[in-house]
Amino acid sequence: MRLPYTLPKVIGHRGAAGRAPENTLAGFAEAARLGVTWVEFDVMLSADGVPVVHHDHDLARTAGGPGRVAELSYAEIAERDAGSWFGPAFTGERVPSLEAVVKELARLGLGANVEIKPAPGLATQTAVSALSVLRADWPDSLDPPLISSFNREALAAAQDCAPELPRGLLIERVPEDWRDALARLDCATLHPSRKGLDLAVVDEAKAAGFGVAVYTVNDPEEARHLLGAGVDAVITDLPDDILERI
Ligand code: G3P
Ligand code: MG
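This is a predicted model, so every value here is computed, not measured.

Caption draft 1: Quick look at the pattern of salt bridges. Applying the stated rule across the entire model yields 16 salt bridges. Between Glu104 and Arg107 there is a salt bridge; the shortest N-O distance is 2.9 Å. Here the residue Glu104 and the residue Arg107 both occupy positions in helix α3 (residues 98–108), the gap between them amounting to three residues, near one helical turn. Judged by its relative accessible area of 60%, Arg107 is exposed. When the shortest N-O distance is used, the salt bridge between Arg224 and Glu221 registers 2.5 Å. Placement of the pair is Arg224 and Glu221 together in helix α8 (residues 220–228), with a separation of three residues, close to one helical turn. According to the relative accessible area criterion, Arg224 is partly exposed, its value standing at 42%. A cluster of three or more residues bridged by salt bridges with shared partners is formed by Arg14, Glu22, Asp56 and Arg61.

Caption draft 2: Highlighting the site of ligand 1. Taken together, the residues surrounding ligand 1 are His13, Arg14, Glu40, Asp42, His55, Glu115, Lys117, Phe150, Leu170 and Tyr215. Contact between ligand 1 and Arg14: an oxygen atom at 2.8 Å from a side-chain N or O atom of the residue. In this structure, an oxygen atom belonging to ligand 1 sits 3.1 Å away from a side-chain N or O atom of Asp42. Relative to its unbound accessible area of 290 Å², ligand 1 is 91% covered by the protein chains. Of the residues in the shell around ligand 1, the class split is three nonpolar, two polar and five charged.

Caption draft 3: View of the coordination of the magnesium ion (ligand 2). Within the protein, the atoms that donate to the magnesium ion (ligand 2) are Glu40 (OE), Asp42 (OD) and Glu115 (OE), at distances of 2.0 to 2.1 Å. Sequence positions of the donors to the magnesium ion (ligand 2) reduce to the motif E-x1-D-x72-E. Here Glu40, found in strand β2 (residues 38–45), pairs with Glu115, found in strand β4 (residues 111–116); they are 75 residues apart in sequence, far enough to count as distant.

The rules behind these values
Residues numbered from 1 in each chain as written. Chains lettered and ligands numbered in written order. Predicted model: local features only at pLDDT ≥ 70, side-chain atom pairs only at ≥ 80, totals over all residues. Heavy atoms only, no water. Salt bridge = Lys/Arg side-chain N within 4 Å of Asp/Glu carboxyl O. Helix = DSSP H or I, 4+ residues; strand = E, 2+ residues; numbered from the N terminus. Buried < 20%, exposed > 50% of the residue type's maximum accessible area, 1.4 Å probe, protein only. Near = heavy atom within 4 Å. Polar contact = N/O pair within 3.5 Å; in protein donor to acceptor, adjacent residues only side chain to side chain. Areas by Shrake-Rupley, 256 points an atom, 1.4 Å probe, with all protein chains shown as cover. Nonpolar A, V, L, I, M, F, W, Y, C, P; charged D, E, K, R; others polar. Donors = N, O, S within 2.8 Å, 3.2 Å for Na, K, Ca; no water.

So this is what it looks like as structure tokens:
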């Protein structure tokens, strides 16, 4: 599948992770205020099967102490404060459900790269649950979300249950089989890490018609260089810095 739209040059990582607590409603509002038109965020499942927007599989770093997302009900997760670790101004932020995030993005007019980040053993279930929320609730006013994952089983499940939504393959180090993987999963985009990225891969992916989004690019010079070299989008914690200087 080809991407049915042009990606914005700058996508806010986990909202605007350097400016507001990552993957929270306040973070998405801050990303919009800083001027991005799209955000990236991570989706995993609570123990009772609710797709929630959170990055780590454990709540220790961002939500008030240890606890595995996959072992807690959404009600238990929602009791946690997911903002005060970042700063007192954000006290009371919650780990949002995907449903709540979609509502907020609709209100803010923000498009999204939705990363499926399943706990071990839950790849298909996480993708199916997340895609079912997106299919039911995603507003017509926004471009369809771009579904990405490091997990190929999750991407295959997304392909089965929502073939109309574009998919992107996330990779830390570009593997030998990236061309086959993109073809097999009918992906529209490749999402390599900035670390050790070979621009020849960008050239080849672009020549073959794929979009390329690179994460996590926080240095404006590097962002300018990558965008100049044909990268479509950089995913950044500091969207204001990048937008101002590219
Ligand atoms: O989707 C880009 C980036 O978010 C992938 O890495 O660990 O920040 O989810 P991570
Ligand atoms: Mg992510």
